[in-house]
Amino acid sequence: MTRGHLQIVVCAAGPATDVTQLITTAMQQSWTTAVTATPSALDFLDAEAIERLTGHPVRSTYRSSPGSRRSLPAADALIIAPATYNSVNKIALGIADNYAMTTIAELIGRQVPTVVVPFVNAALAARAPFQRAVADLRGERVRVLLGTDDGWEPHPPGSGNSRQKAFPWATAFEAATRLAGEVPASGTDHS
């Protein structure tokens, strides 16, 4: 018996190579998972390994045959991790210029419990557009894991590689399951 379905969106940042940690954590808690990747994130992923784990191909583009049946269950929670500076800003502005961003925009609009884990350096995080984006997302009841209270801070410029292994995959999953327990999902398919 599954406890829920977790949709994961991966952006192009170093920790993306370790997304299987999140998938494994979710599966150990009886959640099903599927991964969508931004076009740039595909270079960071082992799509075949992810498909073996999840049972679903990694999606990064729209379907070419509109009549085909949707194969993913409705999302009970969404985790966007790692989320880049660019992606956080686009999500907050509602820019849906690729399949991953469209998926995110729709799921947030459907009020699917959502957790965003930015992987940004301190110089980018200090920028006003990024700070506004984080505040706007939080205003939409999106849980952004960032700051002292969350135990996840932006890293100094040039130190991303050393911070990659500390990426809070388990914390993101715990936050998503807490949110999913508080807010019922829409129960409709999104793929």
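Just above, that's the structure.
These numbers were taken from a predicted model, which means no experiment stands behind them.

So, about the overall build of the protein chain. Helix and strand content of the protein chain: eight helices and five strands. Counted from the first residue to the last, the protein chain has its helices and strands arranged as β-α-β-α-β-α-α-β-α-α-β-α-α. Here the protein chain has a C-alpha radius of gyration of 15 Å; the compact-globule value for 191 residues is 16 Å, and the two agree. Projecting the C-alpha coordinates of the protein chain onto the three principal axes gives extents of approximately 45 × 30 × 30 Å. The buried share of the protein chain, taken over its 191 residues, is 50%. For the protein chain, long-range pairs separated by at least 24 residues make up 80% of all intrachain contacts whose partners lie at least 6 apart in sequence. As displayed, the protein chain has an accessible area near 9,000 Å², and 50% of this comes from carbon and sulfur atoms. The average position of the 16 basic charges and that of the 16 acidic charges among the side chains of the protein chain differ by 2 Å.

This brings us to the nonpolar core. Among the nonpolar cores identified, the biggest contains 57 residues, and Leu-6, Ile-80 and Val-115 are the most heavily contacted of them. Among all residues touching Ile-80, those that are not within four sequence positions of it are Val-9, Cys-11, Ile-91, Ile-104, Thr-114, Val-115, Val-116 and Val-117.

Attention shifts here to the packing of aromatic side chains. By the definition in use, this model includes seven aromatic pairs. Where Tyr-62 meets Tyr-99, the ring centres are 5.3 Å apart and the plane angle is 90°; that geometry is what we call edge-to-face. Placement of the pair is Tyr-62 in the loop between helix 2 (47-54) and strand 3 (77-83) and Tyr-99 in helix 4 (residues 99-109), with a sequence separation of 37 residues. Owing to a relative accessible area of 48%, Tyr-62 belongs among the partly exposed residues under this scheme. Note on Tyr-99: relative accessible area 7%, which makes it buried. For the ring pair Phe-119 and Phe-167, a centre distance of 6.1 Å and an interplane angle of 65° mean the geometry is edge-to-face. Highlighted residues: Phe-119 in the loop between strand 4 (114-118) and helix 5 (122-125) and Phe-167 in the loop between helix 7 (160-163) and helix 8 (169-182), separated in sequence by 48 residues. Of the two residues, Phe-119 and Phe-167, both sit in the buried class. Clustering of aromatic rings is evident, with ring pairs tying together Phe-119, Trp-152, Phe-167 and Trp-169.

About the thresholds
- Residues numbered from 1 in each chain as written.
- Predicted model: local features only at pLDDT ≥ 70, side-chain atom pairs only at ≥ 80, totals over all residues.
- Heavy atoms only, no water.
- Helix = DSSP H or I, 4+ residues; strand = E, 2+ residues; numbered from the N terminus.
- Rg over C-alpha atoms; globule rule 2.2 N^0.38 Å.
- Buried < 20%, exposed > 50% of the residue type's maximum accessible area, 1.4 Å probe, protein only.
- Contact = heavy atoms within 4.5 Å.
- Areas by Shrake-Rupley, 256 points an atom, 1.4 Å probe, with all protein chains shown as cover.
- Lys, Arg positive; Asp, Glu negative; His and termini not counted.
- Charge placed at Lys NZ, Arg CZ, Asp CG, Glu CD.
- Core = buried A, V, L, I, M, F, W, Y, C linked by side-chain atoms within 4.5 Å.
- Phe/Tyr/Trp six-rings, centres within 6.5 Å; stacked < 30°, edge-to-face > 60°.

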